[in-house]
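Inside the fold
Given next are the chains, with one letter for each unit.
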Amino acid sequence: MCCVIGGTNRSSEVYREPRRLPAVLTMMSVKLNNNRDIPVLGVGTLFAKQGEAEQLVKDAIDIGYRHFDTAMAYQNEKEVGAGVRAKIAEGVIKREDIFITSKLWNTKHKRELVVDACKETVSKLGLEYVDLYLIHWPFAFKDSEELWPKDSDGKVQLADDDYVDTWKGMEECVKLGLARSVGISNFNTEQINRVLEVATIKPAVNQVECHPYLNQSKLIAFCKERGIVITAYCPLGSPNSIAKADFPAPLKDPTLQELASKYKKSVAQIILRYLIQHGTVPIPKSSNKNRLKENFDIFDFELSSADVAAIDALDRNARICAFNDGIGHKNYPFDIEY
Ligand SMILES: NC(=O)C1=CN([C@@H]2O[C@H](COP(=O)(O)OP(=O)(O)OC[C@H]3O[C@@H](n4cnc5c(N)ncnc54)[C@H](OP(=O)(O)O)[C@@H]3O)[C@@H](O)[C@H]2O)C=CC1
Ligand SMILES: O=C1CO[C@H](CO)[C@@H](O)[C@@H]1O
């Protein structure tokens, strides 16, 4: 994996002012283990529906973003695809300029369902292929047309399909040209090892929750050793989104606020820059054009190693997306440390 951010040899003691790097006009990227590139910053689309998702994608492309994250479960693949196709039709971008990630939902884990689920995603996007297709979670739900199949008590119906079989279906998606790369999401180290044991195509990415309060340093190191890139979801702590009201908000953190003043950047920009300097690929969601611009404006400065260490010290194992419906399943990923 090669992260092309930064690149000078100056030690943190040498400079006293926040370092300003030349502005870049094109999106930088990280190399995946199949030699394809993933743009180092993406846009999440969770809870962006109907007109909102299409407009978000169009605004983001105009700003310079080239990487979008969606999922079958977000029910907005059509709108995300429509936004990209509109910009291709306008001549602003070509298909190959854009990196689209989507995800196989828990109801489609049976090996024989994977290719059809991917075909449906590709058809909804209307973009011929997805750049990256992920197993959204390591545990399965009952095979169903509903996203959240429930029993008579209102409990989500889990199933014991093994993600190792699901992985074989994911590899088929690559062989059929439906997905350029495949990966996993919310997998722990034991689960990653099991996939690697059977894989003829290795997972390129593990998409996990990652922000200053859950910095995933051990999982990042583990994945790096195995050539797997970490995509960082909920990078801003998911304010107003998945995080419960009492979740400690990284955007309000005093240390991060001090760093924001020091670098003359916003807290969100400090966090995104921090995640990129750790070699991860953050995918902040915003439906607001000004905040999309703000989140993109992170390529003209670099945090010193001392400041990165200060942010590392904020880690407190605070998980937003614990997915309680999966607790008790043998493949629930958060029963071990990482
Ligand atoms: N694989 C998985 O299991 C999961 C994947 N994801 C993916 O990761 C993406 C990101 O995670 P998400 O939960 O959306 O959380 P984020 O940490 O990206 O936070 C998104 C929230 O932050 C607000 N926001 C965005 N930019 C700023 C800013 N500069 N200042 C202040 N507030 C800001 C947004 O509001 P507004 O829109 O009004 O700007 C939105 O409410 C998702 O959209 C999804 O694509 C998320 C969860 C699980
Ligand atoms: O990507 C995701 C967003 O949130 C969902 C829960 O509401 C999760 O299922 C999922 O991981």
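Residues numbered from 1 in each chain as written. Chains lettered and ligands numbered in written order. Predicted model: local features only at pLDDT ≥ 70, side-chain atom pairs only at ≥ 80, totals over all residues.

**Considerations on the UniProt feature "binding site: substrate" (unreviewed entry) in the protein chain**
What UniProt calls "binding site: substrate" (unreviewed entry) maps, in this numbering, to His136. A count of 22 C-beta atoms within 10 Å places histidine 136 in the buried class. Those residues in contact with histidine 136 that sit more than four places away from it in its chain are Ala71, Ala73, Lys103, Leu104, Trp105, Asn106 and Ser185. (UniProt positions renumbered as here; feature names shortened; annotations may be inferred. Buried ≥ 20, exposed ≤ 12 C-beta atoms within 10 Å, placed from the backbone. Contact = placed C-beta atoms within 7 Å.)

**Side note on the site of ligand 2**
In the vicinity of ligand 2, the contacting residues are Leu46, Ala71, Ala73, Ile242, Cys321 and Phe323. Residues belonging to the shell around ligand 2 are distributed by class as follows: 6 nonpolar, no polar and no charged. (Near = placed C-beta within 6 Å. Nonpolar A, V, L, I, M, F, W, Y, C, P; charged D, E, K, R; others polar.)

**A few points about the sheet that holds strand S4 (residues 43–44)**
The strand order across the open sheet built from 8 strands is S4-S5-S6-S7-S10-S11-S12-S13, with neighbouring strands paired in parallel fashion. Each of the sheet's edge strands pairs with one partner strand only, and the pair in question is S4 and strand S13 (281–282). Here strand S6 (residues 99–104) runs beside strand S7 (residues 130–135); their pairing, made up of 4 bridges, is parallel. Bridge pairing in S7 links lysine 103 to leucine 134. (Pairing = 2+ DSSP bridges. Helix = DSSP H or I, 4+ residues; strand = E, 2+ residues; numbered from the N terminus.)

**Things to note about the site of ligand 1**
Neighbouring ligand 1 are 31 residues, the closest being Gly44, Leu46, Tyr233, Ala268 and Lys285. When residues in the shell around ligand 1 are grouped by element, the largest group, 3 residues, is from helix H9 (residues 289–296).

**Things to note about the packing of helix H2 (residues 77–89) against helix H3 (residues 111–125)**
Between H2 and H3, the least distance of the axes is 7 Å, while the angle of their chain directions is 45°. With respect to their mutual orientation, H2 and H3 come out oblique. Listed contacts from H3 to Glu77, Lys78, Val80 and Gly81 of H2 are Thr121, Lys124 and Leu125. (Axes fitted to C-alpha atoms, helices over the stretch in contact; angles between N-to-C directions. Parallel < 35°, antiparallel > 145°, perpendicular 65-115°, else oblique.)

**Here's the deal with the packing of helix H7 (residues 254–263) against helix H8 (residues 267–277)**
H8 packs onto H7 with a crossing angle of 95° between their chain directions and a minimal axis gap of 8 Å. Taken together, H7 and H8 sit at an angle that is classed as roughly perpendicular. Contact residues: H7 offers Leu256, Gln257, Leu259, Ala260 and Tyr263, while H8 offers Val267, Ile270 and Ile271. Per-class residue counts for the contact of H7 with H8 are 7 nonpolar, 1 polar and no charged.

**Some details on the confidence of the model for the protein chain**
Per-residue confidence for the protein chain gives a mean pLDDT of 93; residues scoring 70 or more make up 91%. Across residues 1–15, confidence stays below pLDDT 50; counting only partners more than four residues off in sequence or on other chains, it has 20 contacts. Both scores are given for the predicted complex: the pTM is 0.94, the ipTM 0.98. (pLDDT = per-residue confidence, 0-100.)

**Digging into helix H4 (residues 163–175)**
Structurally, the α-helix is built with 3.6 residues per turn, so residues lying three or four positions apart point the same way. Compared with an ideal rise of 1.5 Å per residue, which puts 13 residues at 18 Å, H4 spans 18 Å between its outermost C-alpha atoms and is within 8% of the ideal. Tyr163, Thr166, Trp167, Gly169, Met170 and Cys173 are the residues of H4 that are buried. Looking straight down H4, one finds that the buried residues subtend no more than 160° of arc, so they occupy a single side. Structurally, H4 contributes buried residues whose contacts are with H3, S7, strand S10 (179–185) and helix H5 (189–198). One or two positions beyond H4, positive phi appears at glycine 177, with a value near 80°. (Expected span 1.5 Å × (residues − 1). Arc of directions from axis to C-beta.)

**Notes on the pairing of S6**
Here S6 lies mainly inside the structure; 6 of its 6 residues are buried. Between the parallel pair strand S5 (residues 67–69) and S6, the chain is carried across by H2, and the sense of this crossover is right-handed. In this region the chain leaves S6, passes through H3 and returns to the parallel neighbour S7; the handedness of that crossover is right-handed. (Right-handed = clockwise from strand over helix to strand, strands pointing away.)

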